[in-house]
Each structure stands twice: as C-alpha cells, then as structure tokens.
Amino acid sequence: MVLVEKSAYPRQKVCGECLTAGGLAMLDELGVGAAVCARASPELKQVGWMGDAPSIVADLPACVEGVYRYGRALGRDHLDTLLVNRAQELGVTLLQPARVRTVRGKPGHFECEIQATEKPRTGRLDHATSSLMLRAAVVVDAHGSWDAGPRDTVREARTARHSSDLFGFKASFANASLPAGRLPVLAFSGGYGGMVVADGGRLTIAGCIRRDTLQALRRRWRGVSAGVAFEKYLRTSCAGVQVALEGAHRIGSWLSVGPLRLGIRVGEGEGLFRVGNAAGETHPLVGEGMSMALESAFLLSNHLIPHTAGEIDSIRWIQIHRAYEAAWRAAFAPRMRVAAAYAHVAMQPALRVPTHAVLRRWPRLLTHAAQLAGKARPH
C-alpha cells in the first residue's frame, strides 16, 4: 500500500481544526486517539454567533453514544503527522512530497505515474530524479477540493470564474482572549467563518469569502495581502473577533485556498474511489470537514475490506462503488444541505439581521442548529 502526499509533513492547512465526538472515536479505531486527546484543546462545549451585534452563546449538544461527549480542536500540522506516522507503522509506504500525475487503466489494473514535487527532506524517500510508475488494483482519490485529481475532467480542472466563488483563509494567533471550549460562528456580508482555541492555546480563525467581496476588500485596503485584508474585514465586521484579538498577535502568515468546489462528486472519477473533499465538499461553516473525511474513509474501507485486491474487477468495482456511493449520500447529503442553508443565512444581510434577533431571544436554537449539522452524531 502506498500513500502519495503532495507536501511533506508536518504542515498547516486551511482548516477549522475541529473534530467532533464521532471523529475522536474514529481516531481511536485508527490507533491515534490517545495521542490526539493528549495534545488537543479542551472539550468544545459552547457554540456562538458573532456578527456586528453583541455575540450570542449557547451550549453545544452532547453526543449521547460512544466514549466521547464533545469534540475538540487540534492543528492539522499535528493531526496529519500522527495519521501519517501511524500509517507507516502499519506498513504503508509514504511518498512525499509527490503528486500522482496520471492514472491509466481500469479497476484491478491501474498504472499510476508519480512525480516528486520538490526536493525531498532528509530521511524521505529519494524519488526526485525521475517519475515512478506504480501498479495498483485500487486507487483512492483524496486530493481535496481545490486541486484537480489525475482523472478530473477539464471542466473541473479549469473552472470558470464566478463572483460567488468562495475562497478559504486560515491563520493562528497567540494571546487571544476567546474562552477555550467555545466555537463561535462568524457571520458577515459575503462570507462566514469560525474561531476556536486549538492545541497549545493558539487561536485558529478560518473562514470563506466570496470572490466579489474579496476583490472589494483588496481595493479598499490596497497594498496588503488578501489574508490581511480578510483579517481587517473580520475585525470591522464582527465585534467578537475584534475583542478576541485585542492584544493578540498572528503566528505566521495567512494561508488561503480556492476557489472551493462545493457539491457532491462521489460518483465521478472514472474508476477511482473518492473520499474526503474529493468525494464532496460541504460549506465549512459547520466545522464538519475533518470528521466527514474520516467517516467517508471508514465507509469505503467497510466496502473494500471484504474483498481481496484480485477480486476487484470491473464488474465487482461497479457493485462496490454503487454501494459506497449510496452509503456516502445517505451519511452526508442531509448535512450538506443543512450547511448550505446556514451559510446562506450567515452571508446575506437580509437574513442575518433577523436571524440574530431570533437567536438573541431563543439562544437554544443555536444548540438545535448544531445538532442538525451533526455535532452530536456518533461514529
């Protein structure tokens, strides 16, 4: 088994860094749960709503099944490294930094061309001088949302630009004042986001913003990077962000990705199995991305494990793929619809203002909204 990663670990990624209770349970099954909990933030027990009016806080719903009641937060530099190291312990060969350039063939008989993307670090596999061709019975596509996979269509790889395209941003801050265990939603015109105190007490701010809104910000604050313009917009649009960052300082630069490719693609790929954002991406507003990625991998594994590699011919692949796709849609499509509705409310002033008024009167609606989004869902 070979794992191909385009960048070397450890590394940061644009991510809200939240793990649900169900996600923690899956990490236990993978053998890294104890290490994750030893480093992760305190339990996330509160949800908030932050905009240009006073913030609203309510309880997050507790998971009533399994070992964990609440989720936690952990930086991707730590989580991904733990997972990669565990994979190597189990005998997986790691190629990094590298990219799968092409995939040819059919289920049971794939040929994958792999090319190093930069000079390997000390101790990494030395495959920088030439491309490597691997044969595989099964190929799992987990390239994320904003990259084009080796068998993505030209339409996907070269998406036309739209004013509604969403770009993601993420940065970490030290000495921020947000209470640990609180997960506020940031609602502002043309975008949305979230904040959380992750491992080591560092504050993570992540959010999405429309292309047209971002362009307007770049014109408003000329001479600064897109990430800094995004930060300035958050400080002026969300009173809670300004309070949390008073006296804080940013750790490193803003990271950005995009445009995001929202929607379901689990049935695409011409013979490949898709997991994570490659299978389908929801609006990140609900903080379900990492747990959904883990769960999709578990779903696929449950369908593949009963079969040996030699059995997965074209006919068997169709049967497995259809069963996996049906399970994927049943697990994630409802949550994706909920996330899309929440994102629409957060970004539109005509909806955001009355929503804030309603939440201010009945803050427990935030608890119910988090439950609908999957925060109390067991694995």
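> Would you mind going over the packing of helix α1 (residues 21-30) against helix α8 (residues 289-304) in detail, with residue names and values included?
In contact at an axis separation of 9 Å, α1 and α8 are set at 50° when each is read in the N-to-C sense. Our classification of the angle between α1 and α8 gives oblique. As α1 runs across α8, the sense of the crossing is left-handed. On α8, the residues touching Gly-23, Met-26, Leu-27, Glu-29 and Leu-30 of α1 are Ser-291, Leu-294, Glu-295 and Phe-298.

> Which residues make up empty space enclosed by the protein, and what are the values?
In the structure shown here, the tally under the stated rule is two cavities of 30 Å³ or more. Counted as a void, the largest cavity has a volume near 90 Å³. Looking at the largest cavity, the residues that line it are Cys-18, Leu-19, Thr-20, Ala-21, Leu-44, Leu-60, Pro-61, Arg-69, Tyr-70, Gly-71, Leu-183 and Lys-375. Considering only residue class, the lining of the largest cavity consists of eight nonpolar, two polar and two charged. One number sums up the size of the second largest cavity: a volume of about 50 Å³. Together, Thr-20, Gly-22, Gly-23, Met-26, Glu-288, Ser-291, Glu-295, Arg-335, Gly-374, Arg-377, Pro-378 and His-379 line the second largest cavity.

> Account for the pattern of salt bridges, with residues named and values stated.
This structure, assessed with the given rule, holds 18 salt bridges. Residue Arg-235 pairs with Glu-231 through a salt bridge whose shortest N-O separation is 3.1 Å. Separated by four residues within a single helix, Arg-235 and Glu-231 lie in helix α6 (residues 226-237), roughly one turn from each other. Owing to a relative accessible area of 25%, Arg-235 belongs among the partly exposed residues under this scheme. On the basis of relative accessibility, which here comes to 10%, the residue Glu-231 falls in the buried class. Salt bridges sharing common partners tie together Glu-288, Glu-295, Arg-335, Lys-375 and Arg-377.

> Any details on the packing of aromatic side chains? Residues and values, ideally.
Under the defined criterion, the tally for this structure stands at seven aromatic pairs. Seen in terms of ring centroids, Phe-169 and Phe-230 are 5.1 Å apart; in terms of plane orientation they differ by 20°. Their pairing is stacked. Note that Phe-169 is positioned in strand β11 (residues 166-174) and Phe-230 in helix α6, a separation of 61 residues in sequence. For Phe-230, a relative accessible area of 0% puts it in the buried group. Ring geometry for Phe-273 versus Tyr-324: centroids 6.5 Å apart, planes at 75°, classification edge-to-face.

> Describe the pairing of strand β3 (residues 46-50), with residues and values.
Burial of β3 is extensive: four of the five residues sit out of reach of the surface. Across four bridges, the pairing between β3 and strand β4 (residues 56-59) is antiparallel. Residue pairing for β4: Gly-48 is matched across the bridge by Val-57. Hairpin connection, β3 to β4: the antiparallel pair is bridged by five residues. Pairing of β3 with strand β12 (residues 182-188) involves five bridges; the strand directions are parallel. By the bridge assignment for β12, Gly-48 is matched with Pro-184.

> Describe in detail helix α11 (residues 364-372), supporting the description with residues and values.
Among the residues of α11, those classed as buried are Leu-366, Thr-367 and Ala-370. Buried residues in α11, looked at end-on, bunch into an arc of 105°, giving them a common side. Opposite the buried face of α11, by more than 90 degrees, sit the exposed residues Arg-364 and Leu-372. Immediately beyond the C-terminal end of α11, within one or two residues, lies Gly-374, with a positive phi of roughly 105°.

Parameters at a glance
- Residues numbered from 1 in each chain as written.
- Predicted model: local features only at pLDDT ≥ 70, side-chain atom pairs only at ≥ 80, totals over all residues.
- Heavy atoms only, no water.
- Axes fitted to C-alpha atoms, helices over the stretch in contact; angles between N-to-C directions.
- Helix = DSSP H or I, 4+ residues; strand = E, 2+ residues; numbered from the N terminus.
- Parallel < 35°, antiparallel > 145°, perpendicular 65-115°, else oblique.
- Left-handed = near helix turned anticlockwise from the far one by under 90°.
- Contact = heavy atoms within 4.5 Å.
- 1 Å grid on protein atoms, 1.4 Å probe; cavity = no way out; pocket = protein on both sides within 12 Å on 5 of 7 lines; lining within 4 Å.
- Points joined across faces, edges and corners; volume = space filled by probe spheres on them.
- Nonpolar A, V, L, I, M, F, W, Y, C, P; charged D, E, K, R; others polar.
- Salt bridge = Lys/Arg side-chain N within 4 Å of Asp/Glu carboxyl O.
- Buried < 20%, exposed > 50% of the residue type's maximum accessible area, 1.4 Å probe, protein only.
- Phe/Tyr/Trp six-rings, centres within 6.5 Å; stacked < 30°, edge-to-face > 60°.
- Pairing = 2+ DSSP bridges.
- Arc of directions from axis to C-beta.

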